[in-house]
Each structure stands twice: as structure tokens, then as C-alpha cells.
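Chain by chain, the residues run as shown.
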Amino acid sequence: MKRAKPKHFSYPILKGVKTELYRIGNNLNQISKALNSNNKTARILASARIKELQELREQLIKINEQIK
């Protein structure tokens, strides 16, 4: 059985994905810190960050579909 050759991607696409992954990691750290605090405002902001992460996830899914 022959394996399909991987598609070649342009560097800007991969750079954009890497940047988004760093943003996601940073957001997760901020969310964790806020949720572990007793600060009500921080918890509300963490909730907003979770919504942003959901949007980023959807964007990454679309990118993944484009590069398959």
C-alpha cells in the first residue's frame, strides 16, 4: 500500500499556527491563575478568555482542514 505524499505548506501558514498556539498557551496560564484566585473580577475575565479560546479552536480546526 502506497503512502500519500504529505502536502507542502508555505512557511507563513505554519508561522501563523505557531503564533496561535503560543497565544492559546498564554491564555490557559492566565485562566488557571484567575480561577485559582479569590478575585471575582479575575474569574469573570477568565470566563471571557475561555470564550476566546473556543473561537481560536474553531479557527485552528479550519486551518487544519485546509492543510489536509
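Preceding this paragraph is the structure being described.
Asks: Explain the overall build of the chain here, please?
Replies: Along the backbone of the chain there are two helices and zero strands. Taken over 68 residues, the chain has a buried fraction of 15%. Accessible surface for the chain amounts to roughly 6,300 Å². Of this, 56% is attributable to carbon and sulfur atoms.

Asks: Which parts of the structure should I look at to understand the nonpolar core?
Replies: Within soluble globular proteins, side chains that are nonpolar generally end up buried alongside one another. Residues Ile 24, Ile 31, Ala 34, Ala 42, Ala 46, Leu 53 and Leu 56 constitute the largest nonpolar core, which totals seven residues. For this core, the secondary structure elements donating two or more residues are α1 (11-35) and α2 (40-67). Tallying contributions element by element places α2 first for this core, with four residues. Beyond its immediate sequence surroundings of up to four residues, Ala 42 is in contact with Ala 34 and Ser 37.

Asks: When you look at the side chain of Asn 27 in this model, what are you seeing that I'm missing?
Replies: For Asn 27, the position within the fold is in helix α1. Beyond its immediate chain neighbours, meaning those up to four positions away, Asn 27 contacts Arg 49, Glu 52, Leu 53 and Leu 56.

Asks: How should I be thinking about α2 in this particular structure?
Replies: In an α-helix, one full turn covers 3.6 residues, which means residues spaced three or four apart are oriented alike. With 28 residues, α2 should cover 40 Å at 1.5 Å per step; its first-to-last C-alpha distance of 41 Å lies within 8% of that length. Capping of α2 at its N-terminal end is provided by Asn 39; its side-chain oxygen lies 2.8 Å from the backbone amide nitrogen of Thr 41.

Asks: What is the right way to look at the environment of Ile 24 in this model?
Replies: Relative to the helices and strands, Ile 24 is located in helix α1. Linking Ile 24 and Leu 53, residues 29 residues apart in sequence, is a C-alpha distance of 6.6 Å.

Definitions and limits used
- Residues numbered from 1 in each chain as written.
- Predicted model: local features only at pLDDT ≥ 70, side-chain atom pairs only at ≥ 80, totals over all residues.
- Heavy atoms only, no water.
- Helix = DSSP H or I, 4+ residues; strand = E, 2+ residues; numbered from the N terminus.
- Buried < 20%, exposed > 50% of the residue type's maximum accessible area, 1.4 Å probe, protein only.
- Areas by Shrake-Rupley, 256 points an atom, 1.4 Å probe, with all protein chains shown as cover.
- Core = buried A, V, L, I, M, F, W, Y, C linked by side-chain atoms within 4.5 Å.
- Contact = heavy atoms within 4.5 Å.
- Expected span 1.5 Å × (residues − 1).
- Polar contact = N/O pair within 3.5 Å; in protein donor to acceptor, adjacent residues only side chain to side chain.

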